[in-house]
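Read off the chains here:
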Amino acid sequence: MLTKEQLKRLNDQVNREASVSRAYLAVSCWAASKGLDGVARFFKGHHEEEEEHMHKIENYIISTGGKVVIGAIEAPPSEFKDVLSVLKMALKKEIEISSSINEMVYLFLEEKNYSTFNFLQWFVAEQHQEEHLFRSLIEKAELIGTDKKGLFWIDKELKNMSLNK
Ligand code: OFO
């Protein structure tokens, strides 16, 4: 059983996951239109993962007898500067998601709701991986550069990562 405030926090998180999911979908479509198939595939995969995260929370809310409220989300941009800026945007979004997850973990522990605290541990581990992934991609992209050769490498690398998932 969730309190009103706890339910609101989880529903807000459903909304945040939906917002990140849309942003990644927009990046995927933008990359596809630029012929960057690897980048497009990679972000499509991440879009799908964020949808799964959203459904995970929805299902959890329902399992407690709570009501899922699907809120409005702001439309993401449809134009992006380049691949490096897109990776930086993704890292920023993942850090924001991590901090909202961490705030919830704190709240649920404080309020002795151990079931939800336990449920959120999966997200804590997932966010650690996601932040690490985007951070290391940014480091590599900065090292190799984003001229034509660098861009070719990044696109290939992201394609391989999507295929080997
Ligand atoms: Fe990586 O954002 Fe979902 O949890």
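Notes on the structure follow. Bear in mind that the values here come from a model prediction, so they are computed numbers and not experimental data.

Before going further, it helps to examine unusual backbone geometry. Even without being glycine, Lys 112 reaches a positive phi, approximately 55°. Residue placement: Lys 112 occurs in the loop between helix H3 (83–110) and helix H4 (114–144).

With that settled, consider the packing of helix H1 (residues 4–33) against H3. Where H1 contacts H3, the two axes come as close as 11 Å, and the packing angle between them is 170°. With respect to H3, the element H1 is oriented roughly antiparallel. The class makeup of the residues in the contact of H1 with H3 is 15 nonpolar, three polar and six charged.

With that settled, the discussion passes to the packing of aromatic side chains. Within this structure, the stated rule accounts for nine aromatic pairs. On the numbers, 4.1 Å between centres and 10° between planes, the contact of Tyr 60 with Phe 119 is stacked. Of this pair, Tyr 60 sits in helix H2 (residues 37–63) while Phe 119 is found in helix H4, placing the two residues 59 residues apart along the sequence. The exposure class assigned to Tyr 60 is buried, which follows from its relative accessible area of 11%. These aromatic residues form a ring-pair network of at least three members: Tyr 24, Phe 42, Phe 43 and Phe 134. In this arrangement the basic side chain of Lys 56 is found over the ring face of Trp 122, its NZ or CZ atom lying 4.3 Å from the centre.

Parameters and conventions
Residues numbered from 1 in each chain as written. Predicted model: local features only at pLDDT ≥ 70, side-chain atom pairs only at ≥ 80, totals over all residues. Heavy atoms only, no water. Helix = DSSP H or I, 4+ residues; strand = E, 2+ residues; numbered from the N terminus. Axes fitted to C-alpha atoms, helices over the stretch in contact; angles between N-to-C directions. Parallel < 35°, antiparallel > 145°, perpendicular 65-115°, else oblique. Nonpolar A, V, L, I, M, F, W, Y, C, P; charged D, E, K, R; others polar. Phe/Tyr/Trp six-rings, centres within 6.5 Å; stacked < 30°, edge-to-face > 60°. Buried < 20%, exposed > 50% of the residue type's maximum accessible area, 1.4 Å probe, protein only. Lys NZ or Arg CZ within 6 Å of the ring centre and 35° of its normal.

The analysis is restricted to geometry; functional conclusions fall outside its scope.
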